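# Geometric and topological summary
Next come the chains, spelled out residue by residue.
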Amino acid sequence: MLKPGVVTGEDYLTLVRNCKEQGYALPAINVASTNTVNAALEGAMLKKSDIIIQLSNGGAQFFAGKGIKDTHAARVIGAVSAARHVHTVAKEYGICVVLHTDHANKGLIPWVESMIEASEEEFAATGHPLFSSHMLDLSEEPIEENLGHCERILTRLAKIDMSLEIELGVTGGEEDGVGTDVDLVDNNKLYTQPSEVLQAYDRLSPIGHFSVAAAFGNVHGVYKPGNVQLRPEILQQSQAHVRNIHDTGEKPLDFVFHGGSGSSPDEIKEAVSYGVFKMNVDTDTQFAFSKAVGSYVEAHPAAFKYQIDPDTGTPFKKLYDPRAWLRACETSMAERVQQACDELGASGKSIATA
Ligand SMILES: [Zn+2]
């Protein structure tokens, strides 16, 4: 059992181990504002589930504010601001919260390095890093180059009790502008090879903790079904390959399921049984947030045109107060997060002590 709030280092590893031993995974929800952070935390709290909160580079920029100049610094400041907000409120929700950043391709390595700098300063001051982990998605580069960067970054992260998520094989679709058109990719590349997973294990496990987003036909975003076939058994084969070579425990690898939006409950269950401890959900929670504002405006159209009802003279203030419709968005997003907790088997499994 852990104290509620942001977990890093050994506590993070305890949480990951617990997921795999108990056979469930944590929802990793993308956020870009305090509203989406709070909605994600609320959904997990209502299900007594622990949760992973993550930001993309674009989400970090949005967090800093679209009104300030969009620079490298703004995208670092936004990520730090989001992290500070999560640290400040997380413990009030009574659950464990992992703080992570999402897809960073080769061009975004400097973004990751600047955030590591912020965590190094935090670590020197408090003994804890600002984030639990970062992600590097160099799956479009040759594997040698991918793993080379991962080694270098993980060496730095391990010193401050942080973990690294890597990506092997191409997950189709697009995640916040980073990604690949499924139809243009050689079909074999949509499936990670167990030999590649072994290479990653050999090179990274001596350095520190890492997790692997493996491609098994999963797609970022929600598309028409039928383009790609989901083959979660690739995860099982990769576990077996590493286990046989290194004589490890049953599931030596910590897998991450990217492109979780739109997956069926059975597909999710199967992937989790092969050692997935984290599933990214972004597209579906975005839609859940936005559809609530649609319904709200439909129900009160006049309140979005006039401050006072032209027929009755009644002020509309209570209806157009942004807190009214933003709360509807939060509630709707929190419901989708609860669905994710249920589908991943995470409901009721929080290891935070009350
Ligand atoms: Zn991915």
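Scroll up to find the structure.
All of these numbers come straight from a predicted model, not from anything done at the bench. (Residues numbered from 1 in each chain as written. Predicted model: local features only at pLDDT ≥ 70, side-chain atom pairs only at ≥ 80, totals over all residues.)

Within the protein chain, the regular secondary structure consists of twelve helices and twelve strands. Counting only C-alpha atoms and orienting by the principal axes, one finds that the protein chain spans roughly 75 × 50 × 40 Å. Within the protein chain, buried positions represent 49% of all 354 residues. (Helix = DSSP H or I, 4+ residues; strand = E, 2+ residues; numbered from the N terminus. Buried ≥ 20, exposed ≤ 12 C-beta atoms within 10 Å, placed from the backbone.)

This paragraph deals with helix H9 (residues 265-273). At 3.6 residues per turn, the α-helix brings residues three or four places apart onto the same side. Considered for burial, the residues of H9 that qualify are Ile268, Ala271 and Val272. Across the axial projection of H9, the buried residues extend over an arc of 100 degrees, all falling on one side. Structurally, H9 contributes buried residues whose contacts are with helix H8 (233-246), strand S11 (255-257), strand S12 (276-281) and helix H12 (322-343). Just downstream of H9 lies glycine 275, where phi reads positive at about 105 degrees. (Arc of directions from axis to C-beta. Contact = placed C-beta atoms within 7 Å.)

Below, the discussion takes up the packing of helix H4 (residues 72-90) against helix H5 (residues 109-126). The interhelical angle for the contact between H4 and H5, taken along N-to-C directions, is 50 degrees, at an axis separation of 10 Å. Considered as vectors, H4 and H5 are oriented oblique to each other. Crossing geometry of H4 relative to H5 is assigned as right-handed. Touching His72, Arg75, Val76, Ala79 and Val80 of H4 are Pro110, Trp111, Ser114, Met115 and Ala118, all from H5. Across the contact of H4 with H5, the residue classes tally to seven nonpolar, two polar and one charged. (Axes fitted to C-alpha atoms, helices over the stretch in contact; angles between N-to-C directions. Parallel < 35°, antiparallel > 145°, perpendicular 65-115°, else oblique. Left-handed = near helix turned anticlockwise from the far one by under 90°. Nonpolar A, V, L, I, M, F, W, Y, C, P; charged D, E, K, R; others polar.)

The relative placement of two packed helices is expressed as an angle between their axes plus a distance between the axes. Running from N to C, helix H7 (residues 194-204) and H8 point in directions that differ by 50 degrees, and their axes come no closer than 9 Å. By the criterion of interaxial angle, the relationship of H7 to H8 is oblique. The handedness of the crossing between H7 and H8 is right-handed. Within the contact between the two elements, H7 uses Pro194, Val197, Leu198 and Tyr201 and H8 uses Gln237, Ser238, His241, Val242 and Ile245. Residues that form the contact of H7 with H8 fall into these classes: six nonpolar, three polar and no charged.

Attention shifts here to the pairing of strand S4 (residues 96-101). Most of S4 is tucked away, with six of its six residues classed as buried. Here S4 shows two buried faces, one formed by Cys96, Val98 and His100 and the other by Val97, Leu99 and Thr101. Inspection of the sheet shows strand S1 (residues 5-6) paired to S4 by two bridges, in the parallel sense. Across the sheet, the residue bridging to glycine 5 is cysteine 96, located in S4. Both strand S3 (residues 51-55) and S4 contribute to a ladder of five bridges, which runs parallel. Its bridge partner being in S4, isoleucine 51 is matched across the sheet by valine 97. (Pairing = 2+ DSSP bridges.)

Right, let's talk about the nonpolar core for a bit. By size, the foremost hydrophobic cluster in this structure holds 99 residues, and its most contacted members are Val97 and Val276. In terms of residue count, the dominant contributor to this core is H12 (seven residues). The contacts of valine 97, once residues within four sequence positions are left out, are Gly5, Val6, Val7, Leu41, Ile51, Ile53, Val86 and Ala90. (Core = buried A, V, L, I, M, F, W, Y, C linked by C-beta atoms within 7 Å.)

This part is about H7. Among all positions in H7, only Glu196, Val197, Ala200, Tyr201 and Leu204 are buried. Within H7, the buried residues cover an arc of 140 degrees as seen down the axis, which keeps them to one side. Buried positions along H7 lie against helix H6 (143-158), strand S6 (163-168), strand S9 (210-214) and H8.

Tracing the chain through its elements places glutamine 229 in the loop between strand S10 (219-220) and H8. Residues glutamine 229 and glutamine 339, spaced 110 residues apart in sequence, show a C-alpha to C-alpha distance of 24 Å.

The next subject is the environment of serine 263. You can see serine 263 is positioned in the loop between S11 and H9. Note on serine 263: 22 C-beta atoms within 10 Å, which makes it buried. When the C-alpha atoms of serine 263 and valine 219 are compared, they prove to be 9.5 Å apart, with 44 residues separating the residues in sequence.

Bringing the environment of serine 56 into the picture now. Turning to its location among the elements, serine 56 is positioned in the loop between S3 and helix H3 (57-64). Sequence spacing of serine 56 and alanine 32 is 24 residues, and the spatial spacing of their C-alpha atoms is 8.1 Å.

With that out of the way, let us pick up unusual backbone geometry. Glycine aside, a negative phi is what most residues show, and trans is what most peptide bonds show. For aspartate 161, which is not glycine, the phi dihedral falls at a positive 60 degrees. Within the secondary structure, aspartate 161 sits in the loop between H6 and S6.

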